[in-house]
Amino acid sequence: VRVAARQFAISRGAATPYTTAVATLKEAAPGLAPSNVTVSLAVSGTTCNTDALCTAALVSGAPATVTATYPCTINVMGISPAPNCTLSQTTTELVE
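Attention here is on the structure that accompanies the text. (Residues numbered from 1 in each chain as written. Predicted model: local features only at pLDDT ≥ 70, side-chain atom pairs only at ≥ 80, totals over all residues. Heavy atoms only, no water.)

1. As for the pairing of strand E1 (residues 38–43)
Here's step 1: Bridge analysis of E1 against strand E3 (residues 63–76) gives 6 bridges, and the strand direction is antiparallel. The residue bridging Leu41 from the neighbouring strand is Val66, located in E3.
Here's step 2: The pairing of E1 with strand E2 (residues 46–47) spans 2 bridges and is classified as antiparallel. By the bridge assignment, Ala42 is partnered in E2 with Thr47.
Here's step 3: Hairpin connection, E1 to E2: the antiparallel pair is bridged by 2 residues, and Ser44 has positive phi, about 55°. (Pairing = 2+ DSSP bridges. Helix = DSSP H or I, 4+ residues; strand = E, 2+ residues; numbered from the N terminus.)

2. A few points about the state of the cysteines
Structurally, a disulfide amounts to a covalent bond that connects the sulfur atoms of two cysteines.
Here's step 1: In the structure shown here, the tally under the stated rule is 2 disulfides.
Here's step 2: With its sulfur 2.1 Å from that of its partner, Cys48 forms a disulfide with Cys54. Between Cys48 and Cys54, the S-S torsion sits near 95°, and that sign places the bridge as right-handed.
Here's step 3: Cys54 sits in the buried class, given a relative accessible area of 0%.
Here's step 4: Shown here is the disulfide that connects Cys72 with Cys85, its sulfur atoms set 1.9 Å apart. Placement of Cys72 in strand E3 and of Cys85 in strand E4 (residues 79–94) is noted, with a sequence separation of 13 residues between them. Each member of the pair Cys72 and Cys85 is classed as buried.
Here's step 5: Cysteines bonded in the protein are numbered consecutively along the chain; their disulfide partners then correspond to 1-2, 3-4. (Disulfide = S-S within 2.5 Å. Buried < 20%, exposed > 50% of the residue type's maximum accessible area, 1.4 Å probe, protein only.)

As structure tokens, then:
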């Protein structure tokens, strides 16, 4: 997630900041099934889910946040104490 947040933060002025940040995150996690990774991007607390929205929102000094979630199942000796858990990570960088 950190590498995607960094990529997002340096994407001010780029044509595809959303697409590039999401691709960067999924490429940085080769052991995870890409279709199961859910990615959310926000600038100054406002979600942007398209390249156009993110391009407009990315202003110098604003906080750019990337959050990724991934489903998991914990199994200990055949017992699943958390059968539908979700791993989540959030990182924020300042837009350059």
